[in-house]
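# A closer look at the structure
What follows is the residue order along each chain.
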Amino acid sequence: MSFLAAAGWEAAQAAPLAGDASARRYTRLTLNGRTAILMDDPDGDVHVFARLARQLCALGLSAPRILAEAPGQLLLEDLGDALIARIATDADTERRLYGAAVDALVELHRHPAPPLPKATPDRLAAMTDLAFDCYAAGAGAPIGAKAAVIAAFTEALTAHAPETDVMVLRDYHAENILWLPHRHGPARAGLLDFQDALAGHCAYDLVSLIEDARRDLRPGIANAAIRQYLDATGLAEGPLTAALAVLGAQRNLRILGVFARLAATRGKPGYIDLIPRVWAHLQADLRHPALAPVARQLGPAFPAPTATVLDRLKHPCPMR
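Read on for an overview of the structure.

Reading the values: the criteria
Residues numbered from 1 in each chain as written. Predicted model: local features only at pLDDT ≥ 70, side-chain atom pairs only at ≥ 80, totals over all residues. Heavy atoms only, no water. Axes fitted to C-alpha atoms, helices over the stretch in contact; angles between N-to-C directions. Helix = DSSP H or I, 4+ residues; strand = E, 2+ residues; numbered from the N terminus. Left-handed = near helix turned anticlockwise from the far one by under 90°. Contact = heavy atoms within 4.5 Å. Nonpolar A, V, L, I, M, F, W, Y, C, P; charged D, E, K, R; others polar. Buried < 20%, exposed > 50% of the residue type's maximum accessible area, 1.4 Å probe, protein only. Pairing = 2+ DSSP bridges. Salt bridge = Lys/Arg side-chain N within 4 Å of Asp/Glu carboxyl O.

The relative placement of two packed helices comes down to the angle between their axes together with the axis-to-axis distance. Between helix α4 (residues 91-108) and helix α9 (residues 221-233), whose axes approach to 10 Å, the crossing angle comes to 35°. Remark: the crossing between α4 and α9 carries right-handed chirality. Of the residues in α9, those touching α4 at Ala91, Glu94, Arg95, Tyr98, Gly99, Val102, Asp103 and Val106 are Ile221, Ala224, Ala225, Gln228, Tyr229, Ala232 and Thr233. Residues belonging to the contact of α4 with α9 are distributed by class as follows: nine nonpolar, three polar and three charged.

Right under this line is the structure:
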């Protein structure tokens, strides 16, 4: 018996949904006025997603409920299509939506991380290797500075973001968060992407939210999100700001490599168009004093994303 037949959804009408940067495929099923989402993940362990979804729901947060589970497949509660990225069409709406997203983080961070791989300084620093192996090399730059940059990042992360005490969802941004206005408090933010979660620092997902690779936030939204988080948690502003900068730089540097790799190995050149925004976030992060040693090592090694560089990354093996 097929997975959908066993779940009672074999007769459902199916409509493919847009995917993400992974190999996962999503389909909306409709049956007798009800809907559900079928997730196919040929490369991943769906048990991890299911386990973490159940844990998030147990905390009162809005991950999709697991309706059925099989190797490589999940049937999920359909939380709708109201992605923050789509409906934040004016400043007041954007402020309200990002406020809900911060509320969810505050609630998540009230609880200790479940058993997860730890986002230690060594691990996070090493994850920037993609920027050298894919972005810098693809842009025609030498990669000899990789070890020095990773060492400098390790020191900065150890000094300013060593904690691994909360669950870090990792891809917490406006295209992965749904607005659920009929729910209350932190549950108004629907959580879609957390299967790669780690135990890490509380600033990780906050900087992921406010330094979005895919969209520009309106003026004041990022600062309002930081202030809301500070007021809700009672944390000191200086240490949190330093952690945001260090973790933001780590994330943005890695994203440069991820986007370059997606273009080169998965035929997804559209991600290259996002690189200038990621670069701007990285440069802003590097201006924080906590990152001075990283900036000194990184400066000579990394070319800016000029039109020529972006074209080379889009067409790694041009036939011309």
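Next comes the rest of the account.
So, about the pairing of strand β5 (residues 73-77). The buried fraction of β5 amounts to four of the five residues, a majority that puts the element mostly inside the structure. Pairing between strand β3 (residues 34-40) and β5: five bridges, direction antiparallel. Paired with Ala36 across the two strands is Glu77, which belongs to β5. Looking at chain direction, strand β4 (residues 66-70) and β5 are connected through four bridges and run antiparallel. Residue Ala70 lies in a different strand from β5, and its bridge partner there is Gln73.

Moving on, we come to the pattern of salt bridges. Applying the stated criterion across every chain, the model contains 15 salt bridges. Two residues, Arg28 and Asp81, come together in a salt bridge whose shortest N-O distance is 3.0 Å. In this pair, Arg28 sits in strand β2 (residues 25-31) while Asp81 sits in the loop between β5 and α3 (84-87), placing the two residues 53 residues apart along the sequence. Take Arg28: its relative accessible area is 15%, and that puts it in the buried class. Close ionic contact of Arg65 with Glu77 constitutes a salt bridge, the shortest N to O distance being 3.6 Å. A residue pair is termed long-range when its members are at least 10 positions apart, and Arg65 in the loop between α2 (46-58) and β4 and Glu77 in strand β5 qualify at twelve residues. Looking at Arg65, the relative accessible area reads 47%, which means it is partly exposed.

The next point concerns the pairing of β3. Buried residues dominate β3, accounting for five of its seven residues. Pairing between β2 and β3: seven bridges, direction antiparallel. Across the sheet, residue Thr27 finds its bridge partner in β3, namely Leu38. Linking two consecutive strands that pair antiparallel, namely β2 and β3, is a turn of two residues; a positive phi of about 55° is found at Asn32 within it.

Even without glycine at this site, Asn32 takes up a positive phi of about 55°. Assignment of secondary structure puts Asn32 in the loop between β2 and β3. Using a relative accessible area of 71% as the deciding quantity, one classes Asn32 as exposed. The phi angle at Arg170 is positive, at roughly 85°, despite the residue not being glycine. With respect to the helices and strands, the residue Arg170 is situated in the loop between β6 (166-168) and β7 (177-179).

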